[in-house]
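Structural overview
For reference, the chains in residue letters:
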Amino acid sequence: MTSNVVLSNQEFNVVGTRPIRHDGNDKVTGRARYSADMTLPRMLHGKILRSPHAHARIKSIDPARALALPGVMAVVTAADFAQPSGKVADLGEGAMANPKWISNNCMASEKALYKGHAVAAVAATSLQVAEQALSLIDVDYEVLPAVVDVLEAMKADAPVLHERLANVETPNVRPGGLRDDDDTGKATNIASHFTFELGDPDAGFKKADVIVEREFRTATVHQGYIEPHTATAMWGEDGKLTVWCSSQGHFQIRDLTSLVLGIPVSQIKVVPMEIGGGFGGKTVIYLEPVAAALSKKSRRPVKISMGRAEVFEATGPTSGSFIRAKIGANKEGMITAADISMMYEAGGFPGSPINQACQCVLTPYDIADGRIEGYDVVVNKPKAAAYRAPGVPAASFAIESVIDEICEKLGMDPLEFRVKNATKEGSRRIPGPVLQKVGYLETLAAAMKTEHYNTPLKGPNQGRGVAAGFWFNGTGPACATASVNADGTVSLIEGSPDIGGGRASMAMQMAEVLGIPAEDVHPSVGDTDSVGYTSLTAGSGATFKSGWASYEAATDIKQQLIQRAARIWEVSPDVVDYANGVASHKSDPELKLTFKQLAARLNGTGGPVMGRGNVNPAGVGNAFAVHIVDVEVDSETGKVDILRYTALQDVGKAVHPSYVEGQLQGGVAQGIGWALNEEYVYSESGAMANSSFLDYRMPTSLDLPMIDTVIVEVPNPGHPFGVRGVGEVCIVPPLAAVANAIHGAVGVRMEVLPMSPGNILEALWAKEGK
């Protein structure tokens, strides 16, 4: 039986309760509409021709034979896109802000840079005709050598993916200092290289009594969302484009599509459909501009859906990596220095999550002398995309494994070591920022008190591992509008796609302000023409920012209701209170009007009441997690069984504890899959060998125990209800926690992911000298 504990700090009327989610009935009855459910009159079906080569120059594309096939209505290539310049656009952080690379990732131009890279697309009257037409498009390739490993790609004689990509070095970045750029001008696969340094690491290592240095390799892994990508586009005769798709941010889809097609954002409307999982992988465009270009040419709506193999081969997984980690500590158990170098695969275009990895990797520890080095390296794989705390799980795998080994050498309890070295409010991270109020120490204290941690292991080849993790959490612009209905309910329109209970959390924050049940707030996600700009549902920021927008909209309504009550009583608004869903006269207790009573009288007292909230809030609360796991290893086969798992996390305030628990459990499940089984298997030529869920091994319910959770609530002072994002840091500790437990069970330090039976046997044989 699962144990779910909430260590609450403050009670509210609605926030912190567990109402039934608003969209539950639609999803369990099949009424909810996903991208693949979209259909329009005269709609055509699109298919994409993808490169069979991991690296090839496209010499020519001839669609004549395909266009001659009856039922084929249009063919598009990169020539049909706007072909924006290579100058970086202000689209946020990361190299993929280069418009040309964004465009060329949707449709290859001069080169195909990975097997599965789109090179042409066709629209036809049926899927069968579209598939037949693909074989009639003649593409002349000059096949080039491919490189699919980060270390091989960094070599001077490696095949170069982008001849015009020059290595921009950032030799040193100090907090508050300037960055010096040195462009060597030589073609390379290293898109960027930078270093963050605090204090004097070399001097710090001289103070160490114990130094552990290890190298780690992690494989490319996929987010594993169930719903493949689908987009439907209709380019109207008035020049306006409408796109229906599932994404984690329809405004982002609109803006990127505008960039690739070269049309104003005002000419594009994106309608969000329900999303069948994303985990960061649905924050970018793949099909939308292709369907739009086909629609423009054919003058009919066009729908394109990916198959599962296309999802694996042509959309963004997270990066494979090589990491070198070195940490020193004195005999009292204090870290004296740390030095970590990380090389991340970006895929075919620059833009791995190396920056996020650098920002987070050492943050659980208060280190005065440390260095963090990062490399962003292009390889012949699909362009990397976000995956839940992008870049951080692999980095944490390395650091937390080294920390565990230091604890072993010092004979110190791993949680006590973390308490001694824990970062806290006022601690400076090596990349520069100073932490605000955080609950890491409280989370460690809760972990040490768990029944799990204090129960001895029972059998041979069993081990217990612990690990900690950090994610900074995100924010951004967000908007919400709400209208009061005559029956005392509220219609809420917000702009964050719901990928994890968002509708419920926004409705609950609005209901808390208005003093009404959460069920009386009816939330929906508006399209790009129906609600103000709202940034991505990503970075664990949606409940924070769109919840704040909903809070502001509710506060706006509350102020208007105070004025309406004052008008009814013919008094000044200054003498009217509003609390717990009731307006009352401050000095005359007989004068009271409930929310429902006021709602019924709106039209007679001045007309409809609508509230709005448009925010771009600061005050993000950073998140820490601590995980404990017990495993049993079969030393004959290398198979690992997860016996027990407890995930603890500071969430600030759990708006809906059930969904928070689900986020923690989901992060653990994905982390265990990443740790033990999941990997992209590539041939030397760059072909993926396991592009199906049959061969890409994700954990099922049979592979996992019930996952216990402990919700620690240390309120974030930067949010009205103390909210911190919860959806990402929960995937950071599992990789290292499982690795540390495996060491406890069979005495080997795993330096490679996944820790599959074969890799564990290799480590055991190496230990035994076989």
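Below is a summary of the structure that appears in this document. (Residues numbered from 1 in each chain as written. Predicted model: local features only at pLDDT ≥ 70, side-chain atom pairs only at ≥ 80, totals over all residues. Heavy atoms only, no water.)

**Description of the overall build of the protein**
Counting its regular elements, the protein contains 19 helices and 29 strands. For 770 residues, the compact-globule estimate of 2.2 N^0.38 gives 27 Å, and the C-alpha radius of gyration of the protein, at 27 Å, lies within 12% of that figure. The 770 residues of the protein split such that 61% are buried. The long-range fraction of contacts in the protein, counting pairs at least 24 apart against all pairs at least 6 apart in sequence, stands at 79%. Carbon and sulfur atoms provide 51% of the accessible area of the protein, an area that totals close to 28,800 Å². (Helix = DSSP H or I, 4+ residues; strand = E, 2+ residues; numbered from the N terminus. Rg over C-alpha atoms; globule rule 2.2 N^0.38 Å. Buried < 20%, exposed > 50% of the residue type's maximum accessible area, 1.4 Å probe, protein only. Contact = heavy atoms within 4.5 Å. Areas by Shrake-Rupley, 256 points an atom, 1.4 Å probe, with all protein chains shown as cover.)

**What to know about helix α14 (residues 502-514)**
For α14, which comprises 13 residues, the first-to-last C-alpha distance of 19 Å matches the rise-based estimate of 18 Å (1.5 Å per residue) to within 8%. For α14, the buried fraction is high: 13 of the 13 residues fall into the buried class. (Expected span 1.5 Å × (residues − 1).)

**Some points on the pairing of strand β22 (residues 521-525)**
Going residue by residue along β22, you find Val521, Pro523 and Val525 tucked away on one face and His522 and Ser524 left uncovered on the opposite face. Here strand β21 (residues 490-494) runs beside β22; their pairing, made up of five bridges, is parallel. Residue pairing in the sheet places isoleucine 493 in a bridge with serine 524 of β22. In this fold, β21 hands off to α14, which returns the chain to β22; that crossover is right-handed. (Pairing = 2+ DSSP bridges. Right-handed = clockwise from strand over helix to strand, strands pointing away.)

**Brief notes about the nonpolar core**
Grouped together as the largest cluster of nonpolar side chains are 104 residues, with contacts concentrated most on Met342, Ile742 and Met755. It is helix α11 (residues 392-410) that provides the largest number of residues to this core, a total of 10 residues. Sequence-distant contacts of isoleucine 742, defined by excluding residues within four places in its chain, comprise Val631, Val633, Val640, Leu676, Gly747, Val748, Met750, Met755 and Ile760. Ranked by size, the runner-up nonpolar core spans 44 residues in total, among them Phe12, Val576, Leu593 and Phe595. (Core = buried A, V, L, I, M, F, W, Y, C linked by side-chain atoms within 4.5 Å.)

**Here's the deal with the sheet that holds strand β27 (residues 623-633)**
As summarised here, the arrangement of the five strands in space is β1-β29-β28-β27-β19, forming an open sheet in which the pairing is mixed. The sheet is open, and its two edges are formed by β1 (4-7) and β19 (462-471), each paired on a single side. Adjacent strand axes in the sheet meet at a mean angle of 15 degrees when their direction is disregarded. By the bridge criterion, six bridges tie strand β28 (residues 640-650) to strand β29 (residues 707-712) in an arrangement that is parallel. Each residue of the ladder has a partner; that of glutamine 649, found in β29, is isoleucine 711. In the packing of helix α18 (residues 734-746) onto the sheet, the strands contacted are β19, β27 and β28, and the crossing angle to β19 comes to about 160 degrees. (Axes fitted to C-alpha atoms, helices over the stretch in contact; angles between N-to-C directions.)

**What to know about the pattern of salt bridges**
Applying the stated criterion across every chain, the model contains 41 salt bridges. A salt bridge links glutamate 152 to lysine 155, with the nearest nitrogen and oxygen atoms 3.0 Å apart. Judged by its relative accessible area of 39%, glutamate 152 is partly exposed. Relative accessible area serves as the criterion here: at 43%, lysine 155 is assigned to the partly exposed category. Among the charged side chains, a salt-bridge network with shared partners connects Arg21, Asp23, Lys27, Glu274, Asp498 and Arg503. (Salt bridge = Lys/Arg side-chain N within 4 Å of Asp/Glu carboxyl O.)

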